[in-house]
Amino acid sequence: MRVRRSNLACGAVFTGVGLFFGINALLGLPIGHAAAMGPGYFPIVLGTILCALGTGIALAGEDHEAPALPPISWRAIILVTGAALFFGMTVRGLGMAPSLLIATFMAAMATGQLTPRNASFLSIVLTLFNIGIFVFALRLPYAIIGPWLGF
């Protein structure tokens, strides 16, 4: 069996990180048990999972013809990242409704498969849904319209 070097390297990194954190937790922290977990319990469990994943990745990487990767969609990367940044930076100033409306419109336009009309409808529905959940149902203290708009 021939294993690709990239899979072997990735598996080795996962296994190495898992061993490092698992052994550090085992040697330096009280472990406890499932009912009363100590501070070392979770790192040991995660280290074990990482070791298993690393071994699986290394062994599953048999050398075969890999499908070609599609081209990178820069439009989607820029619009989705921009939508998250826009929402985070304007939710307090503009309020939840305008920030969410614009951010969801930006994210909806990222694929290029929606028309502006459909993206607008989706944005309105998602904005109303989120306001209903977060402001009215959960009663979180978000301003629907913020101070930047003068209301």
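Details of the structure are given in the entry above.
In this report, the structure presented in the accompanying data block is examined. Everything quoted here is computed from the prediction, not taken from an experiment. (Residues numbered from 1 in each chain as written. Predicted model: local features only at pLDDT ≥ 70, side-chain atom pairs only at ≥ 80, totals over all residues. Heavy atoms only, no water.)

**Here we look at the overall build of the chain**
So, point 1. Scanning the chain from N- to C-terminus turns up 5 helices and 0 strands.
So, point 2. Starting at the N terminus and walking to the C terminus, you meet the elements of the chain as α-α-α-α-α.
So, point 3. Computed over C-alpha atoms, the radius of gyration of the chain comes to 24 Å, more than 25% over the 15 Å expected from 2.2 N^0.38 for 151 residues, which places it beyond the range of a compact globule.
So, point 4. Seen along its three principal axes, the alpha-carbon backbone of the chain occupies a region of about 60 × 50 × 20 Å. (Helix = DSSP H or I, 4+ residues; strand = E, 2+ residues; numbered from the N terminus. Rg over C-alpha atoms; globule rule 2.2 N^0.38 Å.)

**Some thoughts on the side chain of Thr127**
So, point 1. By the secondary structure assignment, Thr127 is in helix H5 (residues 116-137).
So, point 2. At a separation of 3.4 Å, a polar atom in the side chain of Thr127 contacts the main-chain amide nitrogen of Leu101.
So, point 3. Residue contacts for Thr127: discarding those within four places in its chain leaves Ala97, Leu100, Leu101 and Thr104. (Polar contact = N/O pair within 3.5 Å; in protein donor to acceptor, adjacent residues only side chain to side chain. Contact = heavy atoms within 4.5 Å.)

**Considerations on the packing of aromatic side chains**
So, point 1. Scanning the model with the defined rule gives 1 aromatic pair in all.
So, point 2. Judged by centre distance (5.1 Å) and plane angle (80°), the rings of Phe20 and Phe21 are edge-to-face.
So, point 3. Phe20 sits in the partly exposed class, given a relative accessible area of 49%.
So, point 4. On the basis of relative accessibility, which here comes to 47%, the residue Phe21 falls in the partly exposed class. (Phe/Tyr/Trp six-rings, centres within 6.5 Å; stacked < 30°, edge-to-face > 60°. Buried < 20%, exposed > 50% of the residue type's maximum accessible area, 1.4 Å probe, protein only.)

**Some remarks on the packing of helix H4 (residues 96-108) against H5**
So, point 1. Direction vectors running N to C along H4 and H5 enclose 140°, while the axes themselves pass 8 Å from each other. Accordingly, the angle class assigned to the pair H4 and H5 is oblique. In the packing of H4 onto H5, the handedness of the crossing is right-handed. Along its contact with H4, which presents Met96, Ala97, Leu100, Leu101, Thr104, Phe105 and Ala108, the element H5 presents Pro116, Ala119, Ser120, Leu122, Ser123, Ile124, Leu126, Thr127, Asn130, Ile131, Phe134 and Val135. (Axes fitted to C-alpha atoms, helices over the stretch in contact; angles between N-to-C directions. Parallel < 35°, antiparallel > 145°, perpendicular 65-115°, else oblique. Left-handed = near helix turned anticlockwise from the far one by under 90°.)

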